[in-house]
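Notes for the structure review
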Amino acid sequence: MSTDTAAPTTESETESRPRPRPRPRIIVRAPARPGPAAAFHSIGAVTVVLLGLVAIGAVIHEPVLIPPLAASAALVHSAPTLPLSQPRSVVVGHLLAAGVGYAILALAGPTAWAAAIATGVTLALTFLARTPHAPACATAVVVVLQEPAPAGFVPLLLGASIVLVLMELAVSRLRRGAPRYPAYWW
């Protein structure tokens, strides 16, 4: 009488048997709170870059600070090593989102339905372009619902995105022990 479930008898039988996959580890608690220096550094950097965007807007008499850029600043300064925070994702992500927003606006008009579709299309395109940046999805929503003139909005969006990246580049070198930004450029 033979059984198929018999334990391996030799070392070679044990080595050839597939090993069970390790189970994913469930994280049961939030990450540690950042130290005071790291928190001050991040909060200060975000505040300074956003004030800089407001100042630029005041000088040129155009709104430069929009909610998606505030979210980008928070992401870039709080998690500078994530792929979502890299210059490629920040700049190209926002530009792709603006393009999608204007395309959907032209096709469907300024409705909440169109904004939702623009968000989904933006997310898909940023993943395909290897430029994931969650705040860019909000840029598509802003374009669809607020209908800014492309000739004014797109250059301001590009400039503001570049300012965010350059500011993080500068401030990541100010604090000793801060993660270096960017992890990669392109």
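Read on for an overview of the structure. (Residues numbered from 1 in each chain as written. Predicted model: local features only at pLDDT ≥ 70, side-chain atom pairs only at ≥ 80, totals over all residues. Heavy atoms only, no water.)

From N to C terminus, the protein chain includes 7 helices and 0 strands. From first element to last, N terminus to C terminus, the protein chain shows the α and β order α-α-α-α-α-α-α. Taken across its 186 residues, the protein chain has 35% of its residues classed as buried. Intrachain contacts of the protein chain at a sequence separation of at least 6 include 72% that bridge at least 24 residues. When the accessible surface of the protein chain is split by element, carbon and sulfur atoms take 68% of a total near 11,900 Å². (Helix = DSSP H or I, 4+ residues; strand = E, 2+ residues; numbered from the N terminus. Buried < 20%, exposed > 50% of the residue type's maximum accessible area, 1.4 Å probe, protein only. Contact = heavy atoms within 4.5 Å. Areas by Shrake-Rupley, 256 points an atom, 1.4 Å probe, with all protein chains shown as cover.)

So, on to helix α2 (residues 36–60). Given a rise of 1.5 Å per residue, 25 residues ought to cover 36 Å, and the 36 Å separating the end C-alpha atoms of α2 matches this to within 8%. Those residues of α2 that fall on the buried side of the exposure criterion are H41, S42, A45, V46, V49, L50, L53 and G57. Looking at the buried positions of α2, the neighbouring elements they touch are α3 (67–78) and α7 (150–171). (Expected span 1.5 Å × (residues − 1).)

A few words now on the environment of A38. In this structure, A38 sits in helix α2. The sequence separation of A38 and G177 amounts to 139 residues, and the corresponding C-alpha distance is 9.2 Å.

We now examine the nonpolar core. Among the nonpolar cores identified, the biggest contains 17 residues, and L53, L69 and F153 are the most heavily contacted of them. Counting residues in hydrophobic clusters, the runner-up holds 9 residues, among them I104, A114, A115 and A140. (Core = buried A, V, L, I, M, F, W, Y, C linked by side-chain atoms within 4.5 Å.)

To continue, consider unusual backbone geometry. Looking along the chain, the bond that leaves Y181 and enters P182 is cis, with omega of -5°. Take P182: it is sitting in the segment after α7. Phi angles above zero are rare outside glycine, and H61 is one such case at about 60°. Counting through the fold element by element, H61 comes out in the loop between α2 and α3. Its identity as a non-glycine residue notwithstanding, R130 has a phi of 60°, on the positive side. Counting through the fold element by element, R130 comes out in the loop between α5 (112–128) and α6 (134–146). Take R130: its relative accessible area is 57%, and that puts it in the exposed class.

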